Amino acid sequence: MELFRYLHPEQGPRLGAETYEGFFDLTAHDPEVFASISSWLAHERPAEIALLAEKAVSRYAEIDPDWKILPPVDGKMEVWAAGVTYEDSKRARMAESEGGGDFYDRVYDADRPELFFKANPWRVIAPGDPVSIRPDSRWDVPEPELTLVICASGRIVGVTVGNDMSSRSIEGENPLYLPQAKSYEGACAVGPTIRIVDVDLELKNLPITLEISRGGETAFSGETSTARMKRTPHELAEWLFKTLPFPDGALLMTGTGLIPPDSFTLQSGDVVTISIGSVGTLINPVA
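In short, a report on the structure. If you're wondering where the values come from, they're calculated on a predicted model, not measured in any experiment. For every chain, the first residue of the written sequence is number 1, and numbering continues from 1 along that sequence. Note on the predicted model: pLDDT of at least 70 is required for a residue's local features to be given, and 80 or more for side-chain atom pairs to be given and counted; whole-chain, interface and lining totals, by contrast, use all residues. Computation of side-chain values: all heavy atoms of the structure, hydrogens and water removed.

## Quick look at helix 8 (residues 233-240)
- Among the residues of helix 8, those classed as buried are Pro233, Leu236, Ala237 and Leu240. Buried residues of helix 8, seen end-on, are gathered within an arc of 100° and therefore sit on one face of the element. Every exposed residue of helix 8 that faces more than 90 degrees away from the buried side is listed here: His234 and Glu238.
- Taken together, the buried residues of helix 8 touch strand 5 (78-83), strand 6 (114-119), strand 8 (144-150), strand 9 (156-164) and strand 14 (250-253). Here's how the labels work: a residue is buried when its accessible area is under 20% of the maximum for its type, exposed when over 50%, partly exposed in between, all with a 1.4 Å probe on protein chains only. Only runs of H or I of at least four residues qualify as helices and only runs of E of at least two qualify as strands under DSSP, and these elements are numbered from the N terminus. An arc is given here, and it is the one of the directions from the helix axis to the C-beta atoms. Any two residues whose heavy atoms approach within 4.5 Å at even a single point are treated as in contact.

Right, here's the structure in full:
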């Protein structure tokens, strides 16, 4: 089962459910629990509630597939990200950094992961809307990442697709510039749906593909797998919630193992397509 936010032309933002029968209004099933993503994640057992709702949603109005899909984050939720969780990422960060390469090598092998704040809900870009590159950066790339959906108690209850846009020239100049390289207008896109985690979804063996098109042709393509992650998703979630409560839940990007070559940088008009097996496909043009 998959959950998503959509914009009803008369009723505003609502939650929908995608099942084998179609697309249905989940808010109509339970206006309290499914009023928003954050209200659902604040529930004691969000994954179980969603799976039980799947049996009843077909009784409610179907959703028009042409209605606007919103990013699956709202309320007081926060989007965080983990860095240097793949060996390819470690090597790239060490190569791009003029004076801080050793930091990335050390954090890759350390017990404590690198975690940083990425975006508030209102800064998250919806599927189909444009992501941005900083005007003061000369080297920019998308970062395809499995993104965890974590409820208020710290349990992973779903996953979605994330694009952690990154200004490599800024972070490479000095590791202390990472917040500016990672958090800016148009730097975070997630969606389109939340796949409920169940026994059929193995988080440690999901294929991830990235394709960047330019002028109708492929400018870059690559693939990796979450099996190549240094740390487990559950380990990352545990570290994030260790001393930091999230009453409305949180999203956590888990790092990237797909990095275009040093000669590549995004350009306005590019289209970024990120696919994660059994989770979904996120497409965003570049502003």
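So that's the structure; there's more coming.
## Concerning the pattern of salt bridges
- When a carboxyl oxygen of Asp or Glu is within 4 Å of a side-chain nitrogen of Lys or Arg, the pair counts as a salt bridge. Within the structure shown, the criterion is met by 13 salt bridges.
- The partner of Asp129 in a salt bridge is Lys68, with the nearest N and O atoms 2.9 Å apart. Taken as a pair, Asp129 in the loop between strand 6 and strand 7 (140-141) and Lys68 in strand 4 (residues 68-70) lie far apart in primary sequence, 61 residues in all.
- Exposure remark for Lys68: the relative accessible area of 32% places this residue in the partly exposed category.
- We note a salt bridge from Asp270 to Arg214, for which the minimum N-O separation is 2.7 Å. Separated by 56 residues along the polypeptide, Asp270 in the loop between strand 14 and strand 15 (271-276) and Arg214 in strand 12 (residues 207-214) bring together distant segments of the chain.
- The exposure class assigned to Asp270 is buried, which follows from its relative accessible area of 0%.
- You can call Arg214 partly exposed: its relative accessible area is 28%.
- Through salt bridges that share partners, Lys118, Glu143, Asp164 and Lys182 make up one connected network.

## Some details on the packing of aromatic side chains
- Ring geometry is summarised as follows: Phe, Tyr and Trp rings, the Trp one being its six-membered ring, pair when their centres sit within 6.5 Å, and such pairs are stacked at plane angles under 30 degrees, edge-to-face over 60 and tilted between the two. Taken as a whole and assessed by the stated rule, the structure comprises seven aromatic pairs.
- Ring geometry for Phe4 and Phe23: centres 6.1 Å apart, planes at 70°, overall edge-to-face. Placement of the pair is Phe4 in strand 1 (residues 2-8) and Phe23 in strand 3 (residues 22-25), with a sequence separation of 19 residues.
- Under the relative-accessibility criterion, Phe4 is labelled buried at 4%.
- You can call Phe23 partly exposed: its relative accessible area is 35%.
- Where Phe241 meets Phe246, the ring centres are 4.9 Å apart and the plane angle is 50°; that geometry is what we call tilted.
- Judged by its relative accessible area of 5%, Phe246 is buried.

On their own, these measurements won't tell you what the molecule is for.
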